[in-house]
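Per-entry structural report
The residues making up each chain are set out below.
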Amino acid sequence: LHPVLGAYALVATLVLSAASGLLLLLTHKNMNEAKNMAIQQSSSVQKLFSKGKLLKAYQASGKVLERWNQKHSRTLEQEQRSKRFTNHGQSIIKMIRMTVQIGVFAVGAWLVINEQIMAGSLLAASILLGRILAPIDQGANQYFNWLESKEAFERISAVFSSHQEDSKMDIALE
């Protein structure tokens, strides 16, 4: 293949990698905020269930439920905003990738017209560039799933380790 096609592939890979990295940096804060709000919401539901009879006895369940609904609505709005931003960013990255794929045909066609490569090289360059860019695109799309799984595993490990510490009893044997 021609060195111009190699240079184009290198630049395209760097641009797509930079765009993916920028998306990850921009969306990480929103995703963390939404996740933390959801975790707090979950723990508040557990607290409400544990104190349900007490709230009912003091006739405070209506106010507590209204406040919980407000917090829950804010949590859902934050999650939707975060997911919408992430989806828009992923769409932009896909658009960049498709533009790069079209661009390799333009560069290849220019080289074919100038009789520097054969038409088969144009097709080969397109296939190779697609194979080079696919893992970058997939990695950017799957990063948040991997991050959520890792954080969930850490939370579960923390629960199990705290449970083991609670179940140990010190018995004095004399």
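Just above, that's the structure.
Before going into details, it helps to say that this report is about the structure given with it. (Residues numbered from 1 in each chain as written. Predicted model: local features only at pLDDT ≥ 70, side-chain atom pairs only at ≥ 80, totals over all residues. Heavy atoms only, no water.)

Attention now moves to unusual backbone geometry. The phi dihedral of Glu115 is positive, around 55 degrees, even though this residue is not glycine. Inspection of the secondary structure assignment puts Glu115 in the loop between α3 (61-113) and α4 (119-167). (Helix = DSSP H or I, 4+ residues; strand = E, 2+ residues; numbered from the N terminus.)

Before going further, it helps to examine the layout of surface pockets. Estimates place the volume of the largest pocket at around 200 Å³. Contributing to the lining of the largest pocket are Met31, Asn32, Ala34, Lys35, Ala38, Glu79, Ser82, Lys83, Phe144, Leu147, Glu148 and Glu151. For the lining of the largest pocket, the elements supplying multiple residues, two or more each, are α1 (3-50), α3 and α4. Counting residues per element, the lining of the largest pocket draws most heavily on α1, at 5 residues. Its residues assigned to classes, the lining of the largest pocket shows 5 nonpolar, 2 polar and 5 charged. (1 Å grid on protein atoms, 1.4 Å probe; cavity = no way out; pocket = protein on both sides within 12 Å on 5 of 7 lines; lining within 4 Å. Points joined across faces, edges and corners; volume = space filled by probe spheres on them. Nonpolar A, V, L, I, M, F, W, Y, C, P; charged D, E, K, R; others polar.)

Counting 16 residues, the largest nonpolar core has Leu5, Leu129 and Leu133 as its most contacted members. Contributing elements (two or more residues each) for this core: α1, α3 and α4. Here this core takes 6 residues from α1, the largest share from any one element. Ignoring any residue separated from it by four or fewer positions in sequence, one finds Leu5 in contact with Val104, Val107, Gly108, Leu111, Ile117 and Ala125. (Core = buried A, V, L, I, M, F, W, Y, C linked by side-chain atoms within 4.5 Å. Buried < 20%, exposed > 50% of the residue type's maximum accessible area, 1.4 Å probe, protein only. Contact = heavy atoms within 4.5 Å.)

These figures capture arrangement, not role.
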